[in-house]
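This is what each chain is made of:
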Amino acid sequence: MIEKRTPIPVGDAVNRVMKFAGTGKIESVPLQQAYGRFLAVDLIADHDIPAFDRSPYDGFAIRSEDTLGKKRVMLQVAGEIGAGSLHTKPAEPFEAVRIMTGAAIPKGFDAVVMLELVKEHTKEGKKLIELNRAYNKGDNVSFKGEDTQEGTVLVKKGTVINAGISALLAAFGYHQVPVSVKPVIGVIATGSELLEVEEALEPGKIRNSNAYMILSQIERAGAEALYFGKLKDDFDSCYKTIQKAMEQVDLLITTGGVSVGDYDYLPAIYEKLNAAVLFNKVAMRPGSVTTVAEVNGKLLFGLSGNPSACYVGFELFARPVIRKSQGNKQPHLKKVKAVLGADFKKANPFMRFVRGRIDFEEDGRISVTPSGFNKSSAVSSLADADAFILLPGGTRGYEKGMLVDALLLNDVSGSEWPWENIVPSYR
Ligand SMILES: Nc1nc2c(c(=O)[nH]1)N[C@H]1C(S)=C(S)[C@@H](COP(=O)(O)OP(=O)(O)OC[C@H]3O[C@@H](n4cnc5c(N)ncnc54)[C@H](O)[C@@H]3O)O[C@H]1N2
Ligand code: MOO
Ligand SMILES: [Mg+2]
């Protein structure tokens, strides 16, 4: 008798898995290696930016009171400073200092005149400038703290470090950056039909594409992959390799062998490992066979052998665990509204995650169109997919032009649990 599996809703399955997302350790890495990592502390401004009033232009620092109510005024140039240099001589009435962009406004001066608005003269070996209007205090000054003020929380712990955050880390002196240690994710492909990438095709065999797909997905999710190779559908060798691999990783992903076929050994392996199966059937397409089990607090993901199902299973269940374990507060795929670019007239009781491509239309709308052959076994449509078209299960199909939800695959900002209140647009 074939074992009967009870499908659970996607949301319930995600919640079950997320309970086991650990909290990772912290390490310190050189700033140049911090891009893409998860920041492990709040980044708080410990000084104002700018830290001093400075000139936004190449020109002259002046005392605005010397120009008050005047249409024409001559000032004597008392010095010259580039960015990084200081002018420390006390300011005298009717003096100006030639100043470059970024240089600190010298004490006693309170406005800047752009070089282009000044006429320069020399009289008895002295440099003079002529202004043709009055200036107010603060004219053309970049003020201390105008960008950000001391004490401001600029970036929250758990955020993925982007180029802008790298700039802030540098600005606040983070030569070494505290980041979450990347979890190590093991990958094992199972299947007697699998050939190595470099092997020639043989009748009935296929090349192992899932492993390399998952290795890339692990990298995109922000973890470290450890590849254990491919295995034949053989209970003993699969059991031994999985058991040993579990000791070396934080989380293990297998592909294939989780369904009900004669050579689908993963269910029996979970049993022998004394693993608690969190679920072995999810009400979704593709990826309904996705199984997750837990041994001694470590998760074992049994992703489907079918490439599209495997891909979807990773993004829905493994990605958020990887991100949450690094302190990220928005570990799930970001959800946006998009106009459906194709018909899905056949109703399906399960929630569908169709691989799609996002386009920004000229009228400002976002559209999402299937990226190709749409079966669980499809591999070609994954190449062009940058979103999942989320089609809730129900008794009706979907038509081109309807507003649907799409989950973004390349976005790093992510989302808190995004599957609340998903209502098909025809309701
Ligand atoms: N009687 C039933 N049969 C099947 C059911 C079911 O409920 N009852 N579920 C189907 C669904 S849905 C899926 S999805 C697949 C899942 O199968 P497995 O996870 O057990 O995977 P395999 O049987 O090992 O392989 C399935 C398919 O994928 C190809 N494959 C496997 N590994 C790779 C790889 N590394 N790279 C590329 N392609 C791979 C494999 O050759 C098979 O074609 O079961 C259905 N059957
Ligand atoms: O797990 Mo299967 O992918 O539903 O086709
Ligand atoms: Mg199978």
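What you see is a predicted model; the values in this text were computed from it and never measured. (Residues numbered from 1 in each chain as written. Chains lettered and ligands numbered in written order. Predicted model: local features only at pLDDT ≥ 70, side-chain atom pairs only at ≥ 80, totals over all residues. Heavy atoms only, no water.)

Enquirer: Quick rundown of the UniProt feature "domain: MoaB/Mog" (unreviewed entry) in the chain? Include the residues and the values.
Expert: Annotation from UniProt places "domain: MoaB/Mog" (unreviewed entry) at residues 186-324. Taken end to end, residues 186-324 is 37% helix and 28% strand, and its two terminal C-alpha atoms sit 18 Å from one another. (UniProt positions renumbered as here; feature names shortened; annotations may be inferred. Helix = DSSP H or I, 4+ residues; strand = E, 2+ residues; numbered from the N terminus.)

Enquirer: So what's going on with the packing of helix 3 (residues 210-221) against helix 6 (residues 307-324)? Which residues, and what values?
Expert: Put simply, helix 3 and helix 6 touch, their axes get as near as 10 Å, and they point 25 degrees apart. Taken together, helix 3 and helix 6 sit at an angle that is classed as roughly parallel. Seen along the crossing, helix 3 lies across helix 6 with a hand that is right-handed. Facing Asn 210, Met 213, Ile 214, Gln 217, Ile 218, Arg 220 and Ala 221 of helix 3, the residues of helix 6 in contact are Pro 307, Cys 310, Tyr 311, Phe 314, Glu 315, Arg 319, Ile 322 and Arg 323. Tallied by class, the residues present in the contact of helix 3 with helix 6 amount to nine nonpolar, two polar and four charged. (Axes fitted to C-alpha atoms, helices over the stretch in contact; angles between N-to-C directions. Parallel < 35°, antiparallel > 145°, perpendicular 65-115°, else oblique. Left-handed = near helix turned anticlockwise from the far one by under 90°. Contact = heavy atoms within 4.5 Å. Nonpolar A, V, L, I, M, F, W, Y, C, P; charged D, E, K, R; others polar.)

Enquirer: Explain the sheet that holds strand 5 (residues 95-99) to me, using residue names and the numbers behind them.
Expert: What the six strands build is an open sheet, ordered 6-3-5-4-8-7; its pairing is mixed. Each edge of the sheet is formed by a strand with only one pairing partner; in this case those strands are strand 6 (111-114) and strand 7 (119-123). Between one strand axis and the next, the sheet turns by 40 degrees as a mean value, whatever way the strands run. With four bridges joining them, strand 4 (residues 73-81) and strand 8 (residues 126-131) adopt antiparallel strand pairing. (Pairing = 2+ DSSP bridges.)

Enquirer: Mind laying out the layout of surface pockets, listing which residues take part and the relevant values?
Expert: One number sums up the size of the largest pocket: a volume of about 450 Å³. Lining the largest pocket we find 30 residues, and of these Gly 256, Ser 304, Gly 305, Asn 306 and Pro 307 sit closest to its centre. Elements supplying a minimum of two residues to the lining of the largest pocket: strand 13 (206-207) and helix 6. Per-class residue counts for the lining of the largest pocket are nine nonpolar, 16 polar and five charged. Its boundaries defined by the atoms lining it, the second largest pocket holds a volume of some 370 Å³. Together, 19 residues line the second largest pocket, and Gly 22, Gly 24, Pro 183, Asp 250 and Ser 325 are the ones closest to its centre. Partitioning the lining of the second largest pocket into residue classes produces ten nonpolar, five polar and four charged. (1 Å grid on protein atoms, 1.4 Å probe; cavity = no way out; pocket = protein on both sides within 12 Å on 5 of 7 lines; lining within 4 Å. Points joined across faces, edges and corners; volume = space filled by probe spheres on them.)

Enquirer: Mind laying out the sheet that holds strand 16 (residues 276-279), listing which residues take part and the relevant values?
Expert: Ordered by their spatial adjacency, six strands build an open sheet running 14-11-15-19-18-16, and the pairing between neighbours is mixed. The strands lining the two open edges of the sheet, one partner per strand, are strand 14 (224-231) and strand 16. For this sheet, the mean angle separating the axes of adjacent strands, direction not counted, is 20 degrees. Summarising the sheet, strand 18 (residues 291-295) and strand 19 (residues 298-303) pair through five bridges and their orientation is antiparallel. Of the residues in strand 19, the one forming a bridge with Val 295 is Lys 298. Packed onto the sheet, helix 6 meets strand 11 (184-190), strand 15 (251-255), strand 16 and strand 19 and runs at close to 165 degrees relative to strand 19.

Enquirer: Summarise the nonpolar core; cite the residues concerned and give the values.
Expert: Soluble globular proteins tend to bury their nonpolar side chains together. Ranked by internal contacts, the top residues of the largest apolar core, which has 46 residues, are Phe 301, Phe 317 and Phe 353. Here this core takes nine residues from helix 6, the largest share from any one element. Both domain 1 (10-25 + 181-324) and domain 4 (334-408) contribute no fewer than three residues apiece to this core. Contacts of Phe 301, omitting those with residues within four sequence positions, involve Val 17, Leu 251, Leu 252, Ile 253, Thr 254, Tyr 270, Thr 291, Val 292, Phe 317, Ala 318 and Val 321. One finds Ile 269, Leu 273, Ala 293 and Val 295 within the second-largest nonpolar core, a separate group that totals 20 residues. (Core = buried A, V, L, I, M, F, W, Y, C linked by side-chain atoms within 4.5 Å. Buried < 20%, exposed > 50% of the residue type's maximum accessible area, 1.4 Å probe, protein only. Domains from an automatic or database assignment.)

Enquirer: Would you mind going over the coordination of the magnesium ion (ligand 3) in detail, with residue names and values included?
Expert: Listed as protein donors to the magnesium ion (ligand 3) are Asp 264 (OD) and Asp 264 (OD); their distances from the metal cover 2.4 Å. Within the element layout of this structure, Asp 264 appears in the loop between strand 15 and helix 5 (266-272). (Donors = N, O, S within 2.8 Å, 3.2 Å for Na, K, Ca; no water.)

Enquirer: Would you mind going over the packing of aromatic side chains in detail, with residue names and values included?
Expert: The tally for this structure, following the rule as stated, stands at six aromatic pairs. Centroid distance Phe 235 to Tyr 265: 6.1 Å. Interplanar angle 85 degrees. Geometry classified as edge-to-face. With Phe 235 in helix 4 (residues 235-248) and Tyr 265 in the loop between strand 15 and helix 5, this residue pair connects regions lying 30 residues apart in the sequence. A relative accessible area of 23% places Tyr 265 in the partly exposed class. Judged by centre distance (5.5 Å) and plane angle (50 degrees), the ring pair of Phe 279 and Phe 317 falls under tilted. Of the two residues, Phe 279 sits in strand 16 while Phe 317 sits in helix 6, which places them 38 residues apart along the sequence. The ring of Tyr 135 carries the charged tip of Arg 133 above its face, separated from the ring centre by 3.9 Å. (Phe/Tyr/Trp six-rings, centres within 6.5 Å; stacked < 30°, edge-to-face > 60°. Lys NZ or Arg CZ within 6 Å of the ring centre and 35° of its normal.)

Enquirer: Go over the site of ligand 1, please, and point to the residues and values.
Expert: Taken together, 22 residues surround ligand 1, and among them Glu 193, Asn 208, Gly 257, Ser 259 and Gly 305 come closest. Interatomic distance of 3.0 Å between a backbone N/O atom of Val 258 and an oxygen atom of ligand 1. Considering ligand 1 on its own, with 870 Å² of exposed area, one finds that the protein chains cover 68% of that surface. Of all the cavities here, the one that holds ligand 1 is the largest pocket. (Near = heavy atom within 4 Å. Polar contact = N/O pair within 3.5 Å; in protein donor to acceptor, adjacent residues only side chain to side chain. Areas by Shrake-Rupley, 256 points an atom, 1.4 Å probe, with all protein chains shown as cover. Sits in = over half its atoms within 2 Å of the grid points.)

Enquirer: Explain the domain arrangement of the chain to me, using residue names and the numbers behind them.
Expert: Often, the extent of an interface is quoted as the loss of accessible area on bringing the components together. Splitting the chain by domain gives domain 1 (10-25 + 181-324), domain 2 (28-49 + 146-180), domain 3 (59-131) and domain 4 (334-408). Inter-centroid distance (C-alpha atoms) of domain 2 to domain 4 is 37 Å.

Enquirer: Just give me the short version of the site of ligand 2, but keep the residues and values in it.
Expert: Lining the immediate environment of ligand 2, one finds Arg 285, Pro 286, Gly 287, Ser 288, Val 289, Ala 309 and Ser 376. Between ligand 2 and Arg 285 there is a distance of 3.2 Å, counted from an oxygen atom to a side-chain nitrogen or oxygen. In this structure the site holding ligand 2 corresponds to the largest pocket. Classifying every residue of the shell around ligand 2 by side-chain character gives three nonpolar, three polar and one charged.

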